[in-house]
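# Observations on chain architecture
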Amino acid sequence: CFTFNESSFPHSLGQTQGLSFMVNYDYPGTITDLSEPITIMLHEPSQKPDIKNIMGMNFRAAPGHKIDLKISATVIDSTEAFDAMSFNSRQCNKDIENGEVNCISDKIVKRAVKNCGCQPSYLSNPKIKTCNTLGMICYEKEFANGSKDMNLKGSCYESYNNVKYSLKLLENSHGVWHLGKEGEEFTNYLFKPERLYPYLDMGSENEYLNGRLQRISIIHINFEESKVLTVTKDAKITLPDMIGNIG
């Protein structure tokens, strides 16, 4: 889990700094396991990571790629007049913790637990029994159905003071590597185990290196711009204004 802060903003070259990391898919497992892409989730402050991709905004990163993702941000603010409005008038929540993603996730989990009569082992409600194998099949099915239920989603509202993020794919190149440009640490990581190479039956050194590169992805996540758009929600008319207009 990574957190951006003010040090992530532009430098003298006019590009935005951010997060760069390498994903190594060279872990023990079957060929199918090794070929499965990882998931990149970008979530708002105080909101749960959307692990099940309920909002459909997660990005899958396959091995053997160089990926450049850009972040755009929108700050949602409000005036005192807007804050004083009733919920029926403003149709959004005051508390950030009660945001849309958290609300949808909680509702889906509660419905799945209710319909299956059990909870997964990673949930910790002592009053509900833990699912066995058949129970987990039921839970996963109910969770999947809940994530598609638009009526359930429609009963949740976003918070009116938050920061909304979105990801945009700028580059997703397969097998394009410039070792020098990726930095000394990356190059050393690939060539460091050269003492192991003579003991491995991997053909030529290039074949050995190419095999490793196919199980590695380099991912850059930067802010698209140094400035963010701020949207301020306000009341069209306040109660004193309305009374004054009516007379």
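Details of the structure are given in the entry above.
Overview of the structure. (Residues numbered from 1 in each chain as written. Predicted model: local features only at pLDDT ≥ 70, side-chain atom pairs only at ≥ 80, totals over all residues. Heavy atoms only, no water.)

## Structural notes on the pattern of salt bridges
Heads up, the rule is: Counted as salt bridges are all cases of a side-chain nitrogen of Lys or Arg within 4 Å of a carboxyl oxygen of Asp or Glu. A run of H or I in DSSP becomes a helix once it reaches four residues, and a run of E becomes a strand once it reaches two; helices and strands are each numbered from the N terminus. Type-normalised accessible area, obtained with a 1.4 Å probe on protein chains alone, sets the label of each residue: buried when under 20%, exposed when over 50%, and partly exposed for intermediate values.
Tallying each qualifying case throughout the model produces six salt bridges. Across the pair Lys 48 and Asp 106 runs a salt bridge, and its minimum N-O distance is 2.4 Å. Pair noted here: Lys 48 is in the loop between β2 (38–40) and β3 (59–61) and Asp 106 is in helix α4 (residues 100–116), with a separation of 58 residues, a long-range link. For Lys 48, a relative accessible area of 37% corresponds to the partly exposed category. The shortest N-O distance in the salt bridge between Lys 52 and Glu 140 comes to 3.1 Å. A residue pair is termed long-range when its members are at least 10 positions apart, and Lys 52 in the loop between β2 and β3 and Glu 140 in helix α5 (residues 133–147) qualify at 88 residues. For Lys 52, a relative accessible area of 37% translates into the label partly exposed.

## Let's talk about the state of the cysteines
Applicable threshold: Sulfur atoms of two cysteines make up a disulfide when they are within 2.5 Å.
Taken as a whole, this structure holds three disulfides when the rule is applied. Paired by a disulfide, Cys 103 and Cys 156 hold their sulfur atoms 2.0 Å apart. Measuring the twist about the S-S bond at about -75°, one finds the Cys 103-Cys 156 disulfide to be left-handed. Linking Cys 103 in helix α4 with Cys 156 in the loop between α6 (150–154) and β5 (162–174), this pair joins segments that are 53 residues apart in sequence. Judged by its relative accessible area of 6%, Cys 156 falls in the buried class. The partner cysteine of Cys 118 in its disulfide is Cys 131, sulfur to sulfur 2.0 Å. Measuring the twist about the S-S bond at about 95°, one finds the Cys 118-Cys 131 disulfide to be right-handed.

## Regarding helix α9 (residues 239–246)
Across the eight residues of α9, zero count as buried, placing the element largely on the outside. Phi turns positive, to about 85°, at Gly 247, one or two residues after α9.

## Re the packing of aromatic side chains
Two aromatic rings, taken as a pair, are described by how far apart their centres are and by the angle between their planes. To be explicit about the condition: By convention, a stacked pair of Phe, Tyr or Trp rings (six-membered ring in the case of Trp) has centres within 6.5 Å and planes under 30 degrees apart, an edge-to-face pair has planes over 60 apart, and any other such pair is tilted.
Inspection of the entire model under this criterion finds three aromatic pairs. Summarising the aromatic geometry, the rings of Phe 87 and Tyr 157 are spaced 5.1 Å apart at their centres and angled 90° between planes, so their arrangement reads as edge-to-face. Of this pair, Phe 87 sits in helix α3 (residues 87–90) while Tyr 157 sits in the loop between α6 and β5, placing them 70 residues apart in sequence. Judged by its relative accessible area of 26%, Tyr 157 falls in the partly exposed class. Summarising the aromatic geometry, the rings of Tyr 139 and Phe 143 are spaced 6.1 Å apart at their centres and angled 45° between planes, so their arrangement reads as tilted. With Tyr 139 and Phe 143 both in helix α5 and four residues apart, the pair spans about one turn of that helix.

## Side note on unusual backbone geometry
Most peptide bonds take the trans configuration, and most residues that are not glycine carry a negative phi. One non-glycine residue, Asn 53, lies in the positive phi region at around 55°. Within the secondary structure, Asn 53 sits in the loop between β2 and β3. What makes Asn 53 partly exposed here is its relative accessible area of 33%. Phi angles above zero are rare outside glycine, and Gln 91 is one such case at about 55°. Inspection of the secondary structure assignment puts Gln 91 in the loop between α3 and α4.

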